[in-house]
Amino acid sequence: MENEIWMLKNKKEEKFLRKKTVEFDFKKFTKKEVVALVARMRRIMHVANGIGLSANQIGLPFRVFVAEVPDGNGGTKFYAVFNPKLEKASEETVGYEEGCLSVPGTWGDVERPAQVTVGGFDKNGKPAKIKAWGLLARVFQHEMDHLNGKLFIDRTKKLFRAEKEA
Ligand SMILES: [Zn+2]
């Protein structure tokens, strides 16, 4: 199957991944198109075994990301956030090893605020505010970085590479 996720090692794709994305304009899309976009992003994220995916990772220039993390009860919780904004970030930071679907085979420790509040819109265009901590806070910040053309490798002091790329 063709990989739908844009890769940093591809020069053209890198240029796009390094660009800041634009606001998602709900007026330009039908409800059906928005629902289809979320479903597509979720599917691609699942196929790639990821826990987060931003629209520009599949070649779309909009400020949209999806995330899915364990809910602590054996299930998962799925989020699709349109036009996300970091509203609050804790002073307390925490380090954790991150990877990225656009940079396969590479990991690095990244220090980030432990808790964040993210504002934005859900797929119906309704305002949403999400308080996140733990893994979810990390994924949210990683994906919002993507939407600003930033990658986790810019934030880590030491990168680890797998001997062979998957
Ligand atoms: Zn990523």
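Residues numbered from 1 in each chain as written. Predicted model: local features only at pLDDT ≥ 70, side-chain atom pairs only at ≥ 80, totals over all residues. Heavy atoms only, no water.

1. Things to note about the layout of surface pockets
Roughly 460 Å³ of internal volume is contained in the largest pocket. Every residue lining the largest pocket is counted, 22 residues in all, and those nearest its centre are Ile51, Glu98, Gly99, Cys100 and Leu101. Sorting elements by how many residues they give to the lining of the largest pocket places helix H3 (residues 134-147) first, with six residues. Residue composition of the lining of the largest pocket, by class: nine nonpolar, nine polar and four charged. (1 Å grid on protein atoms, 1.4 Å probe; cavity = no way out; pocket = protein on both sides within 12 Å on 5 of 7 lines; lining within 4 Å. Points joined across faces, edges and corners; volume = space filled by probe spheres on them. Helix = DSSP H or I, 4+ residues; strand = E, 2+ residues; numbered from the N terminus. Nonpolar A, V, L, I, M, F, W, Y, C, P; charged D, E, K, R; others polar.)

2. Things to note about the pattern of salt bridges
All chains considered together, the criterion is met by 13 salt bridges. When the shortest N-O distance is used, the salt bridge between Lys129 and Glu87 registers 3.0 Å. On the criterion of sequence distance, the pair formed by Lys129 in strand E7 (residues 127-133) and Glu87 in strand E3 (residues 76-89) is long-range, its members being 42 residues apart. The partly exposed category is assigned to Glu87, whose relative accessible area is 43%. Among the ionic pairs, Arg138 bridges to Glu98, the shortest N-O distance being 2.7 Å. One end of the pair, Arg138, is in helix H3; the other, Glu98, is in strand E4 (residues 93-98), and 40 residues separate them in sequence. The class of Arg138 is buried, set by a relative accessible area of 7%. Linked through salt bridges whose partners overlap, the residues forming this network are Glu98, Arg112, Arg138, Asp145 and Arg155. (Salt bridge = Lys/Arg side-chain N within 4 Å of Asp/Glu carboxyl O. Buried < 20%, exposed > 50% of the residue type's maximum accessible area, 1.4 Å probe, protein only.)

3. Digging into the sheet that holds E3
Across the sheet, which stays open at both edges, the five strands sit in the order E1-E2-E3-E6-E7 with antiparallel pairing between neighbours. Looking at strand neighbours, the two that pair on one side only are strand E1 (52-54) and E7, the edges of this open sheet. Geometrically, the sheet is characterised by an average inter-axis angle of 40° between neighbouring strands, direction not taken into account. Relative to E3, strand E2 (residues 64-70) runs antiparallel, the two being bridged by seven bridges. Residue Pro70 lies in a different strand from E3, and its bridge partner there is Thr76. Sheet strands touched by helix H2 (residues 31-47): E1, E2 and E3. Its angle to E2, the strand with the most contacts, is close to 50°. The strands touched by H3 within the sheet are E1, E2, E3, strand E6 (115-121) and E7, with E2 carrying the most contacts at an inclination of about 160°. (Pairing = 2+ DSSP bridges. Axes fitted to C-alpha atoms, helices over the stretch in contact; angles between N-to-C directions. Contact = heavy atoms within 4.5 Å.)

4. What to know about the packing of aromatic side chains
For the structure on display, the rule yields ten aromatic pairs. Centroid distance Trp6 to Phe16: 5.1 Å. Interplanar angle 55°. Geometry classified as tilted. One end of the pair, Trp6, is in the segment before helix H1 (11-17); the other, Phe16, is in helix H1, with ten residues separating them in the sequence. By relative accessible area, which is 19% here, Phe16 ends up buried. Relative to Phe62, the ring of Phe29 has its centre 5.4 Å away and its plane inclined at 85°; by these criteria the two rings are edge-to-face. On the criterion of sequence distance, the pair formed by Phe29 in the loop between H1 and H2 and Phe62 in the loop between E1 and E2 is long-range, its members being 33 residues apart. For Phe29, a relative accessible area of 28% translates into the label partly exposed. The rings of Phe24, Phe26, Phe29, Phe62, Phe82 and Phe121 are connected pair by pair, giving a single aromatic cluster. (Phe/Tyr/Trp six-rings, centres within 6.5 Å; stacked < 30°, edge-to-face > 60°.)

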